[in-house]
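Coordinate inspection notes
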Amino acid sequence: MAMGGRKLKMYVAGAAVVGSALGYTRHIFKSADSRYTDFPDFSKHHNLMSSALTKTMYINYKNLFTPSGFTVDRCIQVGVDCPGGTVMGRRDPGIVAGDNECYDIFADLFDNIIRAYHVTVQAPVKDMEVIDDALSRQAPLDPRYVIALKARAYRNVENVPFSPAITRAGRRLVEEKVKAALELLPKELKGSYYPLDTMPQKVIATLTNLEVPFTKLAGEEARIGGIAREWPDARGVFASNSKALTVFVNGMHHVEMTSIEHSPDIAKLMNRLHTADLHLGEALRRSEAKYQWQQRLGFTGPVVPDLGNALELEVVMSLPKAANDVSFLRRLKELNLKAIPHADEDRGIWRLALKPSFASDTAQVKAFISAVNSLVTMEQAAAEAFGR
């Protein structure tokens, strides 16, 4: 079977033995009388999956397996068990992918959800290498308002199931290859890798202060989707000696790189991330473990929000006056910024994120800079209106 010009590996289950790429067999029995009874009750649901999945679609998909043994029922289970909510005007996707092939074998379902979530969907352009040059001509962010910056890139290893479907052996292989690749980072990014199950208390304290995610993934998506299985087996965090770069291995994604800058210097922030991404990607490629990339969807992984450029940008800003404006939250939504809970919000310190999209890397960074500058203008106007 082919879809979008690409040959797809899949397995069809009937009243027979079905083999999977994982080397096991399964007995699947289907009955004409049970085809509709398996369709979930979505009468109280409002996530995107519940709106996108039709009975006809489900019947067509329910007996298909991806190479890692993932089924449409496993994809949608998180959305079946969790009716869904809305964050910054976006409904929860209500679905996970067990491997890259899910996006092709169950394409009609995933494509509808992706379009509804990201709105603008186009073939992403990998152009992180030109960001450095673009930022060299960019006016600096205002240090009076911008306290810190983060840039995070999500990556998964090709031909390895994503976190919901990966086996223990697969997860350990990913950790081994990524650890070896991290040892080849340039001198300025050298550091140490700390397995989660033996991480020293001092390192835990440091990472906690840096707000680096490394604790067991919480939430229904991680639990029901199978993302946090066997925690903390084969999981760990690399931290550069300067603590300006961290790499979380086998969390939501196989690799989660974070560049941290305690200043408004976004050029320095992105240069560090680009350097790490380039060297890590090349080292993995030499070990036959290159990044998973689709021409149609960009960097793919287990969750719909992180598709495309897989580049998330964060800023910590001082906005004491603007935050009191009744239009502040509406303005964040207009700028496509998500507010992340922060201990100092009552003092007007806000942590805001621009989530991954299908824009090019350069366009993503430019949109982020524009959004930050817009909030600076709003803060200045509010300060002038109310008096300092």
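Use the structure listed above.
Note that the structure is a prediction, hence the values are computed from the model and not measured.

Let us look at the environment of M270. Along the chain, M270 turns up in helix α10 (residues 266–286). Sequence separation between M270 and L135 is 135 residues; the distance between their C-alpha atoms is 8.7 Å.

For K355, the location among the structural elements is in the loop between β18 (349–354) and α12 (361–386). We classify K355 as buried; its relative accessible area is 18%. Considered as a pair, K355 and R152 are 203 residues apart in the sequence and their alpha carbons are 9.7 Å apart. Among all residues touching K355, those that are not within four sequence positions of it are L311, E312 and Q364.

Any pair of aromatic rings gets described here by the distance separating the centres and the angle formed by the planes. All chains considered together, the criterion is met by 8 aromatic pairs. Where Y61 meets F106, the ring centres are 5.2 Å apart and the plane angle is 75°; that geometry is what we call edge-to-face. Remark: F106 occurs in the loop between α4 (102–105) and α5 (107–118) and Y61 occurs in helix α2 (residues 55–61); sequence separation between them is 45 residues. In terms of burial, Y61 and F106 fall into one category: buried. Clustering of aromatic rings is evident, with ring pairs tying together F39, F42 and Y58. In this arrangement the basic side chain of R155 is found over the ring face of Y291, its NZ or CZ atom lying 5.5 Å from the centre. Between R155 and the ring centre of F299, over which it is positioned, the NZ or CZ distance is 3.7 Å.

Calculation rules
- Residues numbered from 1 in each chain as written.
- Predicted model: local features only at pLDDT ≥ 70, side-chain atom pairs only at ≥ 80, totals over all residues.
- Heavy atoms only, no water.
- Helix = DSSP H or I, 4+ residues; strand = E, 2+ residues; numbered from the N terminus.
- Buried < 20%, exposed > 50% of the residue type's maximum accessible area, 1.4 Å probe, protein only.
- Contact = heavy atoms within 4.5 Å.
- Phe/Tyr/Trp six-rings, centres within 6.5 Å; stacked < 30°, edge-to-face > 60°.
- Lys NZ or Arg CZ within 6 Å of the ring centre and 35° of its normal.

Limitation: the analysis is restricted to geometry and does not speak to function.
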